[in-house]
Amino acid sequence: MDTVFAQTLWITFKLAVSTTVILILIGLPFAYWLTYSRFRLKPFVEALVSMPMVLPPSVIGYYMLVIYSPRNWFGAWLAQVFDIRLAFTFGGVLIASVIFSLPFMIQPLYNGLRSLPDSLREASYTLGKSKSVTFLRVLLPAIKPSVITAVALTFAHSIGEFGIVLMVGGNMPGETRVASIAIYDEVQSLNFSAANQYAFILFAVSFVLLATIYSVNKKYETWQII
Amino acid sequence: MADHLIEIDIEKMMVTVNGPVNLAVKAVIRKGELVAIFGSSGAGKTTLLRILAGLIKPDRGLIKFGDLVLFDSEKQINIAPQNRNISLMFQDYALFPNMTVEQNIQFAQPVRNCKEVDKLLSVFGLAEFRKRKPNGLSGGQKQRVALARALARKPQLLLLDEPLSALDSEMRTKLQNEIAQAHLLSGATTLLVSHDLNEVFRLASHVVCIENGIVSRSGKPGDVFSDDSISGKVQITGQIAAIEKNDIINIVTVISGNNQITKVIAFENDIENLKIGDRVIAFTKAFNPIISKLS
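Residues numbered from 1 in each chain as written. Chains lettered and ligands numbered in written order. Predicted model: local features only at pLDDT ≥ 70, side-chain atom pairs only at ≥ 80, totals over all residues. Heavy atoms only, no water.

**Comments concerning the overall build of chain B**
So, step 1. Looking only at helices and strands, chain B features seven helices and 15 strands.
So, step 2. Projected onto its principal axes, the C-alpha positions of chain B cover 70 × 55 × 35 Å.
So, step 3. Expressed as a percentage of its 295 residues, the buried residues of chain B come to 48%.
So, step 4. Looking at chain B alone, contacts between residues at least 24 apart form 63% of all its contacts between residues at least 6 apart.
So, step 5. Summed over its atoms, the accessible surface of chain B is roughly 15,000 Å², and 51% of this surface lies on carbon and sulfur atoms. (Helix = DSSP H or I, 4+ residues; strand = E, 2+ residues; numbered from the N terminus. Buried < 20%, exposed > 50% of the residue type's maximum accessible area, 1.4 Å probe, protein only. Contact = heavy atoms within 4.5 Å. Areas by Shrake-Rupley, 256 points an atom, 1.4 Å probe, with all protein chains shown as cover.)

**Considerations on the overall build of chain A**
So, step 1. Summing up its helical and strand segments, chain A has 11 helices and zero strands in all.
So, step 2. Mapped in sequence order, the helices and strands of chain A form the string α-α-α-α-α-α-α-α-α-α-α.
So, step 3. Summarising the internal contacts of chain A: among those between residues at least 6 apart in sequence, 74% fall at separations of at least 24.
So, step 4. Accessible area of chain A: about 11,700 Å², with a carbon and sulfur share of 68%.
So, step 5. Considering chain A, the positive charge centre built from 15 side chains and the negative charge centre built from 10 side chains are found 14 Å apart. (Lys, Arg positive; Asp, Glu negative; His and termini not counted. Charge placed at Lys NZ, Arg CZ, Asp CG, Glu CD.)

**Section: the interface of chain A and chain B**
So, step 1. In this assembly, 23 residues from chain A lie in contact with 25 residues from chain B.
So, step 2. Regarding the contact of chain A and chain B, the summed buried area is about 2,100 Å², with carbon and sulfur atoms giving 64% of it.
So, step 3. Linking chain A to chain B there are one salt bridge.
So, step 4. Glu-122 of chain A is paired through a salt bridge with Arg-50 of chain B; the nearest N and O atoms lie 2.7 Å apart.
So, step 5. Linking chain A with chain B are six residue pairs in polar contact (both at pLDDT 80 or more), by the criterion used here.
So, step 6. Elements supplying a minimum of two residues to the side of chain A that touches chain B: helix 6 (118–126) and helix 7 (131–142) of chain A.
So, step 7. Considering each element in turn, the side of chain A that touches chain B owes the most residues, seven residues, to helix 6 of chain A.
So, step 8. Class assignment for the residues of the side of chain A that touches chain B results in 12 nonpolar, seven polar and four charged. (Buried area = accessible area lost by both parts, 1.4 Å probe. Salt bridge = Lys/Arg side-chain N within 4 Å of Asp/Glu carboxyl O. Polar contact = N/O pair within 3.5 Å; in protein donor to acceptor, adjacent residues only side chain to side chain. Nonpolar A, V, L, I, M, F, W, Y, C, P; charged D, E, K, R; others polar.)

**What to know about a nonpolar patch on the surface**
Residue and element names in this part refer to chain A.
So, step 1. On the surface, Trp-73, Trp-77, Val-81, Phe-82 and Ile-84 cluster together into a nonpolar patch covering about 580 Å² of accessible area.
So, step 2. As for its position among the elements, Trp-77 is in helix 4 (residues 73–82).
So, step 3. On the basis of relative accessibility, which here comes to 40%, the residue Trp-77 falls in the partly exposed class. (Patch = residues over 30% accessible without salt bridge, like charges linked within 9 Å, V, L, I, M, F, W, Y side chains within 5 Å.)

**Some details on the side chain of Ser-101 of chain A**
Residues and elements named next belong to chain A.
So, step 1. By the element assignment, Ser-101 lies in helix 5 (residues 90–115).
So, step 2. Taking relative accessible area as the criterion, Ser-101 reaches 2% and is therefore assigned buried.
So, step 3. Setting aside residues up to four positions removed in sequence, Ser-101 forms contacts with Thr-19, Leu-23, Thr-154, His-157 and Ser-158.

**A closer look at the packing of aromatic side chains**
So, step 1. Tallying each qualifying case throughout the model produces 12 aromatic pairs over all chains.
So, step 2. Here the aromatic rings of Trp-73 of chain A and Phe-74 of chain A are separated by 5.9 Å at their centres, their planes lie at 85 degrees, and the arrangement is edge-to-face.
So, step 3. Judged by relative accessible area, Trp-73 of chain A falls into the exposed class, the value being 69%.
So, step 4. Here a set of aromatic residues connected by ring pairs shows up, and it is made of Trp-73, Phe-74, Trp-77 and Phe-82 of chain A.
So, step 5. One Lys or Arg, Lys-129 of chain A, reaches over the ring of Phe-107 of chain B and ends 5.3 Å from the middle of that ring. (Phe/Tyr/Trp six-rings, centres within 6.5 Å; stacked < 30°, edge-to-face > 60°. Lys NZ or Arg CZ within 6 Å of the ring centre and 35° of its normal.)

**Description of the packing of helix 2 (residues 101–108) of chain B against helix 3 (residues 114–123) of chain B**
Residue and element names in this part refer to chain B.
So, step 1. Their axes nearest at 10 Å, the elements helix 2 and helix 3 cross at an angle of 125 degrees. The pairing of helix 2 with helix 3 is recorded here as oblique in orientation. At the point where helix 2 passes helix 3, the crossing takes the right-handed sense. In this structure, helix 2 contributes Val-101, Glu-102, Ile-105 and Gln-106 to the contact, and helix 3 contributes Cys-114, Val-117, Leu-120 and Leu-121.
So, step 2. Residues belonging to the contact of helix 2 with helix 3 are distributed by class as follows: six nonpolar, one polar and one charged. (Axes fitted to C-alpha atoms, helices over the stretch in contact; angles between N-to-C directions. Parallel < 35°, antiparallel > 145°, perpendicular 65-115°, else oblique. Left-handed = near helix turned anticlockwise from the far one by under 90°.)

**A short note on the nonpolar core**
So, step 1. Counting 117 residues, the largest nonpolar core has Leu-159 and Leu-191 of chain B as the members making the most contacts within it.
So, step 2. Ranked by the residues each element gives to this core, the list is headed by helix 5 of chain A, at 12 residues.
So, step 3. Contact partners of Leu-191 of chain B, with chain neighbours within four places excluded, come to Ile-29, Val-35, Ile-37, Leu-49, Leu-52, Leu-157, Leu-158, Leu-159 and Leu-160 of chain B.
So, step 4. Phe-5, Leu-9, Tyr-198 and Ile-213 of chain A belong to the second largest nonpolar core, which has 15 residues in total. (Core = buried A, V, L, I, M, F, W, Y, C linked by side-chain atoms within 4.5 Å.)

**Looking at unusual backbone geometry**
Residue and element names in this part refer to chain B.
So, step 1. Positioned with a positive phi, Tyr-93 is a non-glycine residue whose angle comes to about 70 degrees.
So, step 2. Mapped onto the elements of the fold, Tyr-93 is located in the loop between strand 7 (86–89) and helix 2.
So, step 3. Classification of Tyr-93 as buried rests on a relative accessible area of 6%.
So, step 4. The phi dihedral of Asn-212 is positive, around 45 degrees, even though this residue is not glycine.
So, step 5. A relative accessible area of 65% places Asn-212 in the exposed class.

**What to know about the packing of helix 7 of chain A against helix 8 (residues 144–159) of chain A**
Residues and elements named next belong to chain A.
So, step 1. Packing of helix 7 against helix 8 brings their axes to within 5 Å, and their N-to-C directions diverge by 70 degrees. Taken together, the axes of helix 7 and helix 8 lie roughly perpendicular to each other. Contacts from Leu-140, Pro-141 and Ala-142 in helix 7 reach Lys-144, Pro-145 and Val-147 in helix 8.
So, step 2. Considered class by class, the residues forming the contact of helix 7 with helix 8 number five nonpolar, no polar and one charged.

**Looking at the environment of Val-205 of chain A**
So, step 1. Checked against the element boundaries, Val-205 of chain A lands in helix 11 (residues 192–220).
So, step 2. With residues near it in sequence (within four places) discarded, Val-205 of chain A still touches Phe-13, Phe-155 and Ile-159 of chain A.

Put into structure tokens, the structure is as follows:
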């Protein structure tokens, strides 16, 4: 029981940490592009990014399974060229989780960048600094509270993910079984003490993360943009 | 084109609150001068500065700094803001909120030089605030940091966009000296956007007036803002603040310089073409004014 418990928690946190790390790496350049691009179809891209916030996880999960299936070209290509099958594996769950948590990373970063006056970016350019130096040394530190919010929200959202993991990964102990699914499973088996342990850990971690966001953001409230 | 001149000949369609206006500026500026760009709001002053800084691309035209072409629409040359040796001081100062006063100045340096930072901090009276973030500074202090930061870049062209507009009149007068000092210190050509006559007279050796997107007049401030054809004893240039009817005469209140109020008596036919906000010149020929020093 203890090994299964530890294994489930390990997979839960591995999934949440991997999702968050991948998303911060994708999210920063993507939010920058969304903020400053004049691409005409940008509203459609914004809508697509926000879709996971309004769609049931089962819809995304269903489409992910369709894409992963070796009967379709992407799944077939992965299987033939790389001998990779994504359905019901940790890798498949991770990709689905990245897509599903995308808006939780992008939205705070995008809003943070949009709230900055253009003059900050322009001042840095006229002081001879490149776009990348401006982003890393001026814009990113100026939206620090948004970065913290984005990371914490993505992490908290990923450790609590249920629907999409169940659809894409199933409930395979040691591979795709995460805490939220384990709670459901234990309750179904009337094993309430195990369910309680999982639930308490998820509750405590989420609470600590959200409390951190609010206290850190309070500290930076005084950082008005001059 | 001579090496000591800056040549500007650009056109840009601007969208303003009063509809589209074509900014068409043709001007030649001598290097090393402090030039004021004067005009009412929406005339295109800030757009001109942003075009010079490379932040806005003109529709057509040419900008040359001596022999160096910064923009040429025919040859499709448009040097990026990073590569123009220009500093623009923004109206909102645009100080970086995550950096201290010292770091803001350091950031602007092409090559890190701590002695130079110390010098700028002491020249602008900022030494004691060096470790403070911009949020902990007063309006005047922020303005000084922005000025020091603009100089730290060692620009050939210093662009100041209404640098004193956010300050009260007392602080304005004080900081005008600092701008004059900054201009001398840098040796750069300085372009100052202003709609304050007092500021233009005090600081600029040359003024370019922009009205509705075109240069209406340019020259020395004294020549541009007063009428040499009037052989009067006293000339007061200002803006009409009020026109009040008093029996058969009218009292026109003119505000000039640093909130100096002058009341002029005018008859009905004198004020026919005048309205509040018009820039006017009041002069007298009959009496010799007496000037004496105030104790």
